[in-house]
Amino acid sequence: MRNRGVYIGSGGTVGRSIQSIGRVLAAGIVALTALVCAPVSAQILPPPPADAEPLAAIDPALQPVNSTKALSASEQSVVRVLVVYRGYGGVPLDSVGMGSGFVVAPGYIVTNYHVIETPPEATSAEIYIVPHKGTGAAYQQVTLVKPWLEGDLALLRADGLKIPPLKLSLVPQKNQRIVAMGYPGITDRLLKRGGTELLEPADAYVTQGSIALFASTNPDGSRVDTLFHTAPINPGNSGGPLMDECGQVVGVNTWSAVSTLSETGDMDVPAGQYVATHVSALYTFLQSTGVSVQTTSEPCYAKSEDEIIKDDGLSRALAAYRDAQAKRLEEQRKAEQMNALMDQLQLGVLVLLSVLVVVLIALIIRRRHPPKPKTPHTEAEAPHADTHPHKAKAEKVHHKHPFPWGWVALAVFVVLIAAAFVLRESPVVQKMSQKAEVDAAKVGPVRLTCDVDLKASPKPLAGVGPTDFEFDAAHACVNGRTPYEVQANGTLLRFTVSDSDPTAARLELSRDGLTFKRSDYRLTPEQHRDYVAQRAALGSLRCASGKDAGQAEALKDNMRKVRQLAQSFLTFAPETETVWKCRKAPEPTAPKP
């Protein structure tokens, strides 16, 4: 029976080993269960991204033309036109014809016919052009290619002229801002320029205005398309270009209203009546000459250099916001991938724990309820000489151990946790959760009372206190009139800007209305002015009635525009951040009779 003694000793060792394994597994189960139950998002997820849609890149074709640079470049193509008259015998006359012109094609210049027309007292005339001083070219004599008396236009040829031509804009618009350029005689007289000094290149005189009227006849009564404008011109401007802010020709300056003397002796001085030959008439004339010119039918979209500098600042801010938003979205994507990986790891750990628990319970049951040993028929019943009688008897005593219900309960608990973890993302559970939220929203408006949560408010608003409001989750409406925009994550968002103080605010409500956050931003005076003006253009916002689908859709679109406008200005950190924790206010009790 020596072998049996050895067997009993081995059984004790196995029991102690099972107990040690049980303790280790129990400790591991508790630790891993805590890991599984812990919120993964708190460990891995970055701060929630801003509730803003990524801004699309601006189409380069929609970028405004720099009108300051465009007009400066176009000015180089404006020339002074001088006409030297000669009488009988080629003797120069005292009078000199003066006007303006501009290059329409390489070596070709347009001006008014009345500028180069030979007066009756002269027998011949010599036509000269004086280029802009920025071109570096000198004056030269030109020849008349073709006149158009009815339209008061003339085409001149200047051999060897190396000045770039102007482009014709065939679609001028009423109220469009325009610029007149030329060499008015009054400017020369004020600057004491005369004689040969007029042959020296100089800057063109520039005035601004807008297109006031289109007409199908000119002041002479001819059926020629004309346009009235408000850019002041004087004698000497005749034949000069009328240009849009992109530096493209929309007309040829030809007439201005003259002062008249009334019957009572009063001087009648008309104001703002300036007339140019329409670009369509100019284009028709040039086509008849066979000269090829540059044209465009695209509307002019231009801004001054100062305006573009300001817009560039805004564009850079928007680009920085877009980059930051893309970075946040990328971080969120990586975090979601990591969370998915952790979910899989947690599920694997749960399955492993379940298997280990089942194995552990099986070992415990086997130890506490061992199978009865089979007694060989050939073995003698008498005890061995070396075996003590009492010990032998003790070996035959079998103690009954209770069934390990505790371990079974632990196994069931772990399996239930695993099942809950697996089923938490199932469509059925999500649908039930959504249904519960919908049912909660159907309750209607509720009155909420909110207190400042100083722990959650890193930079609270000074002097802020409790607040209360009526919250309608079904319609994202506060106090029955103030709408909020529902975001993709279920939160509600609203932006405001003060009309008087240079401040703006971002208001955010949780989907259940129990957390309210306000972020205040300090604006510069320029930012505030632009923000208020653009916000006012979007109109007021009021909650839509539940029955009007069109009104609700219009409100949704307007709220989106307001949010995008706010996010284009509020690209920096807020000055203050205040968080309120809200609770449902108690129902008012009816007064006792």
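Residues numbered from 1 in each chain as written. Predicted model: local features only at pLDDT ≥ 70, side-chain atom pairs only at ≥ 80, totals over all residues. Heavy atoms only, no water.

A count of helices and strands for the chain gives twelve helices and 27 strands. Sequence-distant contacts in the chain: of pairs separated by 6 or more residues, those separated by 24 or more amount to 71%. (Helix = DSSP H or I, 4+ residues; strand = E, 2+ residues; numbered from the N terminus. Contact = heavy atoms within 4.5 Å.)

Right, let's get into the packing of aromatic side chains. This structure, assessed with the given rule, holds six aromatic pairs. On the basis of an interplanar angle of 15 degrees and a centroid distance of 6.0 Å, the ring pair of W148 and F285 is categorised as stacked. You can see W148 sitting in strand 6 (residues 140-148) and its partner F285 sitting in helix 6 (residues 279-289), a full 137 residues away along the chain. Arranged with centres 5.7 Å apart and planes meeting at 80 degrees, the rings of Y521 and F572 form a pair that is edge-to-face. With Y521 in strand 26 (residues 515-522) and F572 in the loop between helix 12 (549-569) and strand 27 (576-584), this residue pair connects regions lying 51 residues apart in the sequence. (Phe/Tyr/Trp six-rings, centres within 6.5 Å; stacked < 30°, edge-to-face > 60°.)

For the rest of this paragraph, the subject is the nonpolar core. Ranked by size, the top nonpolar core spans 25 residues in total, and within it F102, V104, V110, L155, L282 and L286 carry the most contacts. Those elements that place two or more of their residues in this core are strand 3 (92-105), strand 4 (108-111), strand 7 (153-157), strand 9 (177-182), strand 13 (249-256) and helix 6. Looking at this core element by element, the count peaks at four residues for helix 6. (Core = buried A, V, L, I, M, F, W, Y, C linked by side-chain atoms within 4.5 Å. Buried < 20%, exposed > 50% of the residue type's maximum accessible area, 1.4 Å probe, protein only.)

Moving on, we get to the pairing of strand 10 (residues 205-215). Bridge analysis of strand 9 against strand 10 gives six bridges, and the strand direction is antiparallel. Paired with R177 across the bridge in strand 10 is S210. Bridging between strand 10 and strand 11 (residues 226-229) involves four bridges; their strand directions are antiparallel. Counted as the bridge partner of I211 is H229 from strand 11. (Pairing = 2+ DSSP bridges.)

Moving on, we get to the sheet that holds strand 2 (residues 78-86). On the basis of which strands lie adjacent, the closed barrel formed by six strands has the order 2-3-4-7-6-5 and antiparallel pairing. Ignoring which end each strand starts from, the neighbouring axes of this sheet average 40 degrees apart. (Axes fitted to C-alpha atoms, helices over the stretch in contact; angles between N-to-C directions.)

Let us now look at the state of the cysteines. All told, the structure shown has three disulfides when counted by the stated rule. Shown here is the disulfide that connects C246 with C300, its sulfur atoms set 2.1 Å apart. On the sign convention where negative is left-handed, the bridge of C246 and C300, at about 95 degrees about the S-S bond, is right-handed. With C246 in the loop between strand 12 (241-244) and strand 13 and C300 in the loop between strand 17 (295-296) and strand 18 (302-303), this residue pair connects regions lying 54 residues apart in the sequence. Residue C246 is classed as buried on the basis of its relative accessible area of 13%. (Disulfide = S-S within 2.5 Å.)

To continue, consider a nonpolar patch on the surface. A surface patch of nonpolar side chains, about 360 Å² in accessible area, is lined by L347, V351, V355, V359 and L363. With respect to the helices and strands, L347 occurs in helix 7 (residues 305-368). (Patch = residues over 30% accessible without salt bridge, like charges linked within 9 Å, V, L, I, M, F, W, Y side chains within 5 Å. Areas by Shrake-Rupley, 256 points an atom, 1.4 Å probe, with all protein chains shown as cover. Salt bridge = Lys/Arg side-chain N within 4 Å of Asp/Glu carboxyl O.)

Here we come to unusual backbone geometry. Glycine aside, the phi torsion of most residues is negative, and most peptide linkages are trans. Here N175, not a glycine, exhibits a phi torsion of approximately 75 degrees, which is positive. Of note in the backbone geometry, A476 takes a positive phi value of approximately 50 degrees without being a glycine. Here A476 lies in the loop between strand 20 (467-472) and strand 21 (477-478).

The subject of this paragraph is the pattern of salt bridges. Scanning the model with the defined rule gives 17 salt bridges in all. For the salt bridge of R157 with D159, the shortest nitrogen-to-oxygen distance reads 2.7 Å. The class of R157 is partly exposed, set by a relative accessible area of 33%. Among the ionic pairs, E508 bridges to R506, the shortest N-O distance being 2.9 Å. Side by side, E508 and R506 carry an identical accessibility label, which is buried.

This paragraph deals with the sheet that holds strand 24 (residues 492-497). Here we have nine strands laid out as an open sheet, ordered 22-21-20-19-27-26-25-24-23, and antiparallel in their pairing. Each edge of the open sheet carries a strand with a single partner, namely strand 22 (482-483) and strand 23 (485-486). As paired elements, strand 19 (residues 446-452) and strand 27 share five bridges and run antiparallel to each other. Bridging across to strand 27, T449 finds its partner in R583. Most of the contacts of helix 11 (residues 525-537) go to strand 24, to which it runs at about 120 degrees, and overall it touches strand 24 and strand 25 (503-509). Seen against the sheet, helix 12 touches strand 22, strand 23 and strand 24 and runs at an angle of roughly 60 degrees to strand 24.

What follows covers the packing of helix 11 against helix 12. Contact pair helix 11 / helix 12: the axes reach a minimum separation of 11 Å and the direction vectors enclose 170 degrees. Regarding the angle of helix 11 to helix 12, the classification is roughly antiparallel. Of helix 12, the residues touching helix 11 (which contributes Q527, D530, Y531, Q534 and R535) are V562, L565, A566 and F569. (Parallel < 35°, antiparallel > 145°, perpendicular 65-115°, else oblique.)

On to the environment of N66. Here N66 is to be found in strand 1 (residues 65-66). Using a relative accessible area of 16% as the deciding quantity, one classes N66 as buried. Separated by 238 residues in the primary sequence, N66 and S304 place their C-alpha atoms 5.6 Å from one another. A polar contact of 3.1 Å, which involves the side chain of N66, links it to the backbone nitrogen of T68. (Polar contact = N/O pair within 3.5 Å; in protein donor to acceptor, adjacent residues only side chain to side chain.)

Before going further, it helps to examine the confidence of the model for the chain. Chain-level statistics for the chain give a pLDDT mean of 80 and a share of 73% at 70 or above. Scored below 50 in pLDDT, residues 1-11 makes seven contacts in the model with residues more than four places away or belonging to other chains. (pLDDT = per-residue confidence, 0-100.)

Time to look at the pairing of strand 19. The pairing of strand 19 with strand 20 spans five bridges and is antiparallel. The residue bridging C450 from the neighbouring strand is T467, located in strand 20.

Below, the discussion takes up helix 11. Given a rise of 1.5 Å per residue, 13 residues ought to cover 18 Å, and the 19 Å separating the end C-alpha atoms of helix 11 matches this to within 8%. Among all positions of helix 11, only H528, Y531, V532 and R535 are buried. The buried residues of helix 11 occupy an angular sector of 100 degrees when the element is viewed end-on, so they sit on one face. In this structure, the buried residues of helix 11 make contact with strand 24, strand 25 and helix 12. Two residues or fewer past helix 11, G539 is found with a positive phi of approximately 80 degrees. (Expected span 1.5 Å × (residues − 1). Arc of directions from axis to C-beta.)

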